[in-house]
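What follows is each chain in one-letter form.
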Amino acid sequence: MDLDVDDLMSALRSKPILSGTEVWDPLEKVILSPPSYRLIDIGFVLCLQNYRMLQPSRSRLMRRNCVTLQFTQSGAYRLYGSGQVRQVRSGSVRLNAMPASVSEFAGNMHMRGASIFIERELLIDSFGLRPDLWPAEYRATFATKAPSPVSIEMPLTPEMWLILDAMIDCTFNEPIRNVYLTAKAMELLSLTVMLFNGLARPNAVAGLSPAAREQRLIEAAALIYRSELGRPPSIEALSRRLGLNRNKLTDGFRSAFGTTPAEYSRQIRLEWAARRLSEGLDVGQAAAEVGYDSTAAFGRAFQQRYSRTPSSQAPAEPVVAAGYPSPGDEAASSHLAG
């Protein structure tokens, strides 16, 4: 299977969304639920990936003036390019600036992640990539008209992991879907530029050790719990989502937070509920916001945590600065979202 990124960008100008079957050779016997391609801006393409490789396969990607950013949540494969073989690992983002590369996939493998194809000049001029700050061995990739090929891998940050989840699992219909994915792609790329602009920091690339990768995954798990208060995943679901086994997930939480994943989730949910009760929310609504179907179960958990009942949580006195509307003013009221 071959793909020329410049040809892809040209095709997307007349049809801004393409399915994998429109881009690659027939895929029915190779990929289940092939990826989709979306034009975010001229010179900026997003590819969402949540598919299963049904059999071993190879694909060739050709780039001329483009860079590929491959975000891999799950699934690993070999990458051949510029005379080298690299292992692309789960939980990583890889910047590829090579004229061509070949990816080799095993069969019966689930790939979940995304790719961004973007022109070099756009990446620097509009998004602020600073290759001049990179270590000398990488700087030549962007420094000349005949750039040196390079492939650099960094671990996904917890924030990037959540953005990928939001994009891949998005169920919005068009045109809202396009607006949402465009905003998320911009956010993801901005965080990625910040990550790669830090390449000059000591041990920035060396931070890909298994221990450092697991620590990033624990941070991602904690962020998932804080972001999904109303639907906290089970330990089993979180383990599958992050590709980290249950024992390592539990040990990682004990090391980082001094508690189990379940207890960590319970603590932050009850803290949020206490805050919402202090804002005047009734007990039933507060319980529902943090994922309790039973008000009685919520009450028991709250009392165990705070040694008082939820109904005894007195609303906090509003602090009103002179000249500003009160928090109860309909035009000015708002709530934090997480």
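This one's a predicted model, so the numbers in the text were calculated from it and none came from an experiment.

A.B. asks: Kindly report on the nonpolar core, identifying the contributing residues and their values.
C.D. replies: In terms of nonpolar packing, the biggest core is built from 70 residues, with Phe196, Leu242 and Phe298 touching the most fellow members. In terms of residue count, helix H7 (residues 210–227) provides more of this core than any other element does, 8 residues in total. When neighbours within four sequence positions are excluded, phenylalanine 298 is seen to be in contact with Leu270, Ala273, Leu277, Val283, Ala286, Ala287, Val290, Tyr292 and Pro310. Of all hydrophobic cores here, the second largest spans 15 residues; its members include Met9, Leu18, Tyr37 and Cys47.

A.B. asks: How would you sum up helix H12 (residues 295–306)? Please name residues and give values.
C.D. replies: For H12, spanning 12 residues, the distance from its first C-alpha to its last is 16 Å, which sits close to the expected 16 Å at 1.5 Å a residue. Buried residues belonging to H12 abut helix H10 (261–278) and helix H11 (283–289). Where H12 begins, one side-chain oxygen reaches toward the backbone nitrogen of alanine 296, 3.3 Å away; that side chain belongs to serine 294. Looking one or two places after H12, you find serine 307, whose phi comes out positive at around 60°.

A.B. asks: Give me the lowdown on the sheet that holds strand S8 (residues 77–81), citing residues and values where you can.
C.D. replies: Here we have 5 strands laid out as an open sheet, ordered S1-S6-S11-S8-S9, and mixed in their pairing. Edge positions in the sheet fall to strand S1 (2–4) and strand S9 (84–88), since each has one partner strand and no second. Between one strand axis and the next, the sheet turns by 20° as a mean value, whatever way the strands run. The sheet contact formed by S8 and S9 spans 5 bridges and is antiparallel. The residue of S9 that forms the bridge with tyrosine 80 is valine 85.

A.B. asks: Report on unusual backbone geometry, specifying residues and quantitative values.
C.D. replies: Proline 175 follows glutamate 174 through a cis peptide bond whose omega is 5°. In this structure, proline 175 sits in the loop between helix H5 (158–168) and helix H6 (176–197). Phi at serine 82 takes a positive value of approximately 55°, unusual for a residue other than glycine. The topology assignment puts serine 82 in the loop between S8 and S9. Residue serine 82 is classed as partly exposed on the basis of its relative accessible area of 38%. Phi at serine 307 is positive, roughly 60°, even though this residue is not glycine.

A.B. asks: Which residues make up the packing of aromatic side chains, and what are the values?
C.D. replies: Tallying each qualifying case throughout the model produces 12 aromatic pairs. Between phenylalanine 253 and tyrosine 264, the aromatic rings sit 5.4 Å apart at their centres with planes inclined by 65°, giving edge-to-face as the arrangement. Of the two residues, phenylalanine 253 sits in helix H9 (residues 246–257) while tyrosine 264 sits in helix H10, which places them 11 residues apart along the sequence. Taken individually, phenylalanine 253 and tyrosine 264 each receive the classification buried, so the pair is uniform in this respect. An angle of 45° between the planes, with centres 4.8 Å apart, marks the rings of phenylalanine 302 and tyrosine 306 as tilted. Of this pair, phenylalanine 302 and tyrosine 306 both sit in helix H12, 4 residues apart, which is roughly one turn of the helix. The class for phenylalanine 302 is buried, based on a relative accessible area of 0%. With relative accessibility at 22%, the residue tyrosine 306 sits in the partly exposed group. Taken together, the aromatic side chains of Tyr225, Phe253, Phe257 and Tyr264 make up a single cluster linked through ring pairs. In this structure, arginine 58 packs its charged tip against the face of tyrosine 80, placed 5.4 Å from the ring centre.

Calculation notes
Residues numbered from 1 in each chain as written. Predicted model: local features only at pLDDT ≥ 70, side-chain atom pairs only at ≥ 80, totals over all residues. Heavy atoms only, no water. Core = buried A, V, L, I, M, F, W, Y, C linked by side-chain atoms within 4.5 Å. Buried < 20%, exposed > 50% of the residue type's maximum accessible area, 1.4 Å probe, protein only. Helix = DSSP H or I, 4+ residues; strand = E, 2+ residues; numbered from the N terminus. Contact = heavy atoms within 4.5 Å. Expected span 1.5 Å × (residues − 1). Polar contact = N/O pair within 3.5 Å; in protein donor to acceptor, adjacent residues only side chain to side chain. Pairing = 2+ DSSP bridges. Axes fitted to C-alpha atoms, helices over the stretch in contact; angles between N-to-C directions. Phe/Tyr/Trp six-rings, centres within 6.5 Å; stacked < 30°, edge-to-face > 60°. Lys NZ or Arg CZ within 6 Å of the ring centre and 35° of its normal.

On their own, these measurements won't tell you what the molecule is for.
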